[in-house]
Amino acid sequence: MAQKTKEEKTFQIQNAYTDHYFEKGHWWLKIWQTLVALLGWICVVVPLIVTILSYLGVKYHFFKPLWTYREGIFEIQFIGVILLFAFVMVLVFSVSMALIQNRKRDRLVEQWPTFNPINQKKRTTELDQFMDRRFGPEKVRQNTRNYRVEPEQNLKTHEIKQLFDQHHIDDL
């Protein structure tokens, strides 16, 4: 019985979100949602096409434009200039940040080592001993299904830093 409830909980977690559109059946739902999605795309694409064709018709006289409002043409050109400016600014920012990060990585990150490996080993050993004293042996902690930490076992804010300071192994 316990195994079945665990499987049911796993199934419920995995199926926290369902979409009837992708299940078998539900044909009216699929038809309705598809029509709404197509109508939404038509409402986006048709004004774009009309605007682009009208702008090209006024500017380059390829064909008869659908509208010829001077304010509309000016606004399209203005938006084009703003988008071009924004593109150039993003390009300059992205390239400069990439160059700065690459130089920083070459100078700092790839230096070996960036920490004292002897003290790091001492810190690991000391921390393992501290945790064994505070919470019990590592094997017991790892093999326990539910481990309860008593309130007096909680770590204080700077307790690990103070432990490293006591043993003179704090490089940070």
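Numbers given for residues are sequential positions, taken from 1 along each chain in its written order. With the structure being a predicted model, the display of local features is reserved for residues of pLDDT at least 70 and the display and counting of side-chain atom pairs for 80 or more, all residues being used for whole-chain, interface and lining totals. Excluding hydrogens and water, the side-chain values take into account all heavy atoms of the structure.

Caption draft 1: Fine view of the packing of aromatic side chains. When two rings of Phe, Tyr or Trp (its six-membered ring) have centres within 6.5 Å they constitute a pair, described as stacked for plane angles under 30 degrees, edge-to-face for angles over 60, and tilted for the intermediate range. Within the structure shown, the criterion is met by 4 aromatic pairs. Each ring, one from Tyr-21 and one from Phe-22, has its centre 5.2 Å from the other, and the planes form 80 degrees; the classification is edge-to-face. On the accessibility criterion, Tyr-21 (24% relative accessible area) is partly exposed. A ring is considered to have a charge above it if a Lys NZ or an Arg CZ atom is located within 6 Å of its centre and within 35 degrees of its normal. For the cation-ring pair, Lys-30 lies above Trp-27, with the distance from its terminal atom to the ring centre recorded as 5.0 Å. For the exposure calls, accessible area comes from a 1.4 Å probe over protein chains only, and a residue counts as buried if that area is under 20% of its type's maximum, exposed if over 50%, partly exposed in between.

Caption draft 2: Structural context of a nonpolar patch on the surface. Each patch is built from salt-bridge-free residues with over 30% relative accessible area, joining like charges within 9 Å and nonpolar side chains (Val, Leu, Ile, Met, Phe, Trp, Tyr) within 5 Å. Note on areas: Shrake-Rupley, 1.4 Å probe, and residue coverage restricted to the protein chains presented here. Should a side-chain nitrogen of Lys or Arg be within 4 Å of a carboxyl oxygen of Asp or Glu, the pair is scored as a salt bridge. Residues Trp-41, Val-44, Val-45, Leu-48, Ile-49, Ile-52, Leu-53, Tyr-60, Phe-62 and Phe-63 make up a contiguous nonpolar surface patch of roughly 1,000 Å² in combined accessible area. Counting from the N terminus, the helices are DSSP H or I runs at least four residues long and the strands are E runs at least two residues long. Looking at the secondary structure, you find Phe-62 in the loop between helix H2 (27-60) and helix H3 (70-109).

Caption draft 3: A look at the side chain of Arg-123. Mapped onto the elements, Arg-123 comes out in helix H4 (residues 117-135). For Arg-123, a relative accessible area of 6% gives the class buried. Here the side chain of Arg-123 touches Ile-169 through a polar contact of 2.8 Å, landing on its backbone oxygen. A 3.5 Å cut-off defines polar contacts: any pair of N or O atoms within that distance qualifies, except that in protein one atom must be a possible hydrogen donor and the other a possible acceptor, and neighbouring residues in sequence count only when both atoms are side-chain atoms.

Caption draft 4: Quick look at the pattern of salt bridges. Enumeration over the complete set of coordinates arrives at 5 salt bridges. Glu-150 is paired through a salt bridge with Arg-148; the nearest N and O atoms lie 3.7 Å apart. The class for Glu-150 is partly exposed, based on a relative accessible area of 31%. Two residues, Lys-161 and Asp-165, come together in a salt bridge whose shortest N-O distance is 3.8 Å. Taken together, the positions of Lys-161 and Asp-165, both in helix H6 (residues 159-166) and 4 residues apart, correspond to about one turn of that helix. On the basis of relative accessible area, Lys-161 is assigned to the partly exposed category, the value being 45%.

Caption draft 5: Looking closely at H2. The span expected for a helix works out to 1.5 Å for each residue beyond the first. Along its 34 residues, H2 runs 48 Å from first to last C-alpha, staying within 8% of the 50 Å computed at 1.5 Å per residue. Residues Lys-30, Ser-54, Tyr-55 and Gly-57 constitute the buried set of H2. Of the residues flanking the end of H2, it is His-61, one or two places downstream, whose phi is positive at about 60 degrees.

Caption draft 6: Fine view of unusual backbone geometry. At His-26, a position not held by glycine, the phi torsion is positive, near 55 degrees. With relative accessibility at 35%, the residue His-26 sits in the partly exposed group. The residue His-168 is not glycine, and still its phi comes out positive at about 55 degrees. Of the residues examined, His-168 reaches a relative accessible area of 71% and is grouped as exposed.

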